[in-house]
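A structural walkthrough
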Amino acid sequence: LGGLKLATLGRAVVFFASSVSERFDGRETIIEAARHGADGVQLFVDPRYREPTFRKEVVQRLVGQSLGVIWHLPNQPTSEDLSVVYRLAQETGKNTALIHYLPATRLPRIPGVRIGWENSVNGFDIQHAELVREKVISDGTFNVFDVLRLCYVTSGYTEVDILAYIRGRLIELPTGSYLHVADKKTWDLRFRDGECAIGDGVAKGFVDLLRLFKGVIILEHERLDLAIETLSRLR
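Below, the structure is looked at part by part. Worth saying up front: this structure is predicted, and the values here are computed from it rather than measured. Within each chain, residue numbers correspond to sequence positions counted from 1 in written order. Confidence filtering applies because this is a predicted model: local features only for residues at pLDDT of at least 70, side-chain atom pairs given and counted only at 80 or more, and all residues used for totals across whole chains, interfaces and linings. Water and hydrogen atoms were dropped before computing side-chain values, which therefore reflect all heavy atoms in the structure.

Attention now moves to helix 8 (residues 224-234). Every buried residue belonging to helix 8 is among Leu 226, Ala 227, Thr 230, Leu 231 and Leu 234, and all of these are buried. When helix 8 is viewed along its axis, its buried side chains cluster within an angular range of 140 degrees and face the same direction. Buried positions along helix 8 lie against strand 1 (13-17), helix 1 (26-36), strand 9 (195-196), helix 7 (207-212) and strand 10 (216-219). Exposure classes here rest on a 1.4 Å probe applied to the protein chains alone. A residue is buried below 20% of its type maximum, exposed above 50%, and partly exposed in between. By the criteria applied, helices consist of DSSP H or I runs no shorter than four residues and strands consist of E runs no shorter than two, each listed in order from the N terminus. The reported arc concerns the directions from the helix axis to the C-beta atoms and nothing else. Should any heavy atoms of two residues lie within 4.5 Å, those residues are considered in contact.

Moving on: the sheet that holds strand 1. Pairing between two strands requires that DSSP report at least two bridges joining them. If you trace the 8 strands once around the closed barrel, you get 1-2-3-4-5-6-7-10, paired in parallel fashion. Shown here is a sheet whose adjacent strand axes are inclined to one another by a mean of 25 degrees, direction ignored. Relative to strand 5 (residues 114-118), strand 4 (residues 96-100) runs parallel, the two sharing 5 bridges. Looking at the pairing, Thr 96 lines up with Arg 114 of strand 5. Helix 1 rests against strand 1 and strand 2 (40-44) of the sheet, and its axis sits at about 165 degrees to strand 2. Interaxial angles span 0 to 180 degrees and are taken between N-to-C directions of axes, which are lines fitted to C-alpha atoms, for helices over the stretch in contact.

Moving on to the packing of helix 4 (residues 126-139) against helix 5 (residues 159-172). Between two packed helices, both the angle of their axes relative to each other and the distance between the axes serve to describe the pair. Where helix 4 contacts helix 5, the two axes come as close as 13 Å, and the packing angle between them is 10 degrees. Our classification of the angle between helix 4 and helix 5 gives roughly parallel. Seen from helix 4, the contacting residues are Ile 126, Ala 129, Glu 130 and Arg 133; seen from helix 5, they are Tyr 165, Arg 169 and Glu 172. When its residues are assigned to classes, the contact of helix 4 with helix 5 shows 3 nonpolar, no polar and 4 charged. Throughout this description, any angle smaller than 35 degrees is read as roughly parallel, any larger than 145 degrees as roughly antiparallel, any in the 65 to 115 degree range as roughly perpendicular, and the remainder as oblique. Amino acids are sorted into nonpolar (Ala, Val, Leu, Ile, Met, Phe, Trp, Tyr, Cys and Pro), charged (Asp, Glu, Lys and Arg) and polar (every other residue, Gly among them).

Okay, the layout of surface pockets next. Detection works on a 1 Å grid of protein atoms alone, calling trapped sets that fit a 1.4 Å probe cavities and calling open sets with protein on both sides within 12 Å along at least five of seven lines pockets, with lining residues defined by an atom within 4 Å of a point. Grid points are joined across faces, edges and corners, and a volume is the space filled by probe spheres set on the points. If you add up the space inside the largest pocket, you get close to 650 Å³. Along the walls of the largest pocket sit 23 residues, with Leu 148, Arg 149, Arg 192, Glu 220 and Glu 222 positioned nearest its centre. Mapped by element, the contributors of at least two residues to the lining of the largest pocket are strand 2 and helix 6 (191-194). Empty space within the second largest pocket amounts to approximately 180 Å³.

This part is about the environment of His 180. One can find His 180 in strand 7 (residues 178-181). Residue classification places His 180 among the buried residues on the basis of a relative accessible area of 0%. In this structure the C-alpha to C-alpha distance between His 180 and Asp 39, which are 141 residues apart in sequence, comes to 15 Å. Non-local contacts of His 180, meaning those with residues more than four positions away in its chain, are made with Gln 42, His 72, Leu 98, Glu 118, Val 144, Phe 145, Asp 146, Val 147, Leu 148, Ile 218 and Glu 220.

Attention now goes to the pairing of strand 7. Side chains Tyr 178 and His 180 of strand 7 all project onto a buried face; the interleaved residues Leu 179 and Val 181 project onto the opposite face, where all are buried too. Pairing of strand 6 (residues 143-146) with strand 7 involves 3 bridges; the strand directions are parallel. When the bridges of strand 7 are listed, Phe 145 appears paired with Leu 179. Handedness rule for crossovers: strands pointing away from the viewer, path from the first strand over the helix to the second running clockwise, crossover right-handed. Traced from strand 6 through helix 5 to strand 7, the parallel crossover comes out right-handed. Pairing geometry for strand 7 and strand 10, over 4 bridges, is parallel. From the neighbouring strand, Tyr 178 faces strand 10, where its bridge partner is Val 216.

Any two of the Phe, Tyr and Trp rings considered here, Trp counted by its six-membered ring, make a pair once their centres fall within 6.5 Å; the pair's planes then place it as stacked at under 30 degrees, edge-to-face at over 60, or tilted in between. Taken as a whole and assessed by the stated rule, the structure comprises 7 aromatic pairs. Between Tyr 49 and Phe 54, the aromatic rings sit 5.0 Å apart at their centres with planes inclined by 75 degrees, giving edge-to-face as the arrangement. Residue classification places Phe 54 among the buried positions, given a relative accessible area of 5%. These aromatic residues form a ring-pair network of at least three members: Phe 15, Phe 142 and Tyr 178. Geometry around Phe 145 places Arg 169 over its ring, the cationic atom sitting 4.5 Å from the centre. For Lys 184, the ring lying beneath its charged end belongs to Tyr 152, and the centroid distance is 3.5 Å. Two limits define a charge over a ring: the Lys NZ or Arg CZ must be within 6 Å of the ring centre, and within 35 degrees of the ring normal.

Here the focus is the pairing of strand 6. The alternating pattern of strand 6 places Asn 143 and Phe 145 and Val 144 and Asp 146 on opposite faces, both of which are buried. Pairing analysis gives 2 bridges linking strand 5 to strand 6, with the strands arranged parallel. Bridge pairing in strand 6 places Glu 118 opposite Val 144. Considered for its hand, the β-α-β crossover made up of strand 5, helix 4 and strand 6 is right-handed.

Below, the structure written as structure tokens:
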């Protein structure tokens, strides 16, 4: 998997998600990741990738770069979306993708591309998170553990419970896993409303484990400056 070899160097492997670009533009994301020393990018395959000119620009920016890549499939990809990812993988040699579990219940098939499962429910839903873990095992694929989706207090649980579960999962995730992370100032805010650099908010309860993680950490901040600051803190 792209970028994972760097984990052996004793520092976190960190990707920028396309959300760090104001326009969620993969071309800009690649430029910023290379400029600021990120190890790779997560690129959401929106309809713009169906346009040959846009796709060619993305490929040109990736070829010759040492950046790792993971393609983020839409929730309900069309045959055209799958064809686009196949072409992107062929043209760049980057052959790793992910999809949300729910609404998808079966991994799409793209020749030569390995696709992992990501948890998709917002809220502290252990049942969903555990179901995704079981799907990862039964499908013989890899886990994309979206930590930030769990950081909402729900009935019957406390902040302590949530942090204990997250810390347990971070410790046991196998090498080759991916994390989606960001931070927010308080538990009751949405990330979009209380976004901050990792360690300035609720994630201070597990930031120590992020620095030790032997996989890929994908920063899903929606502000580039916060992603840059988080990158420096994780290194």
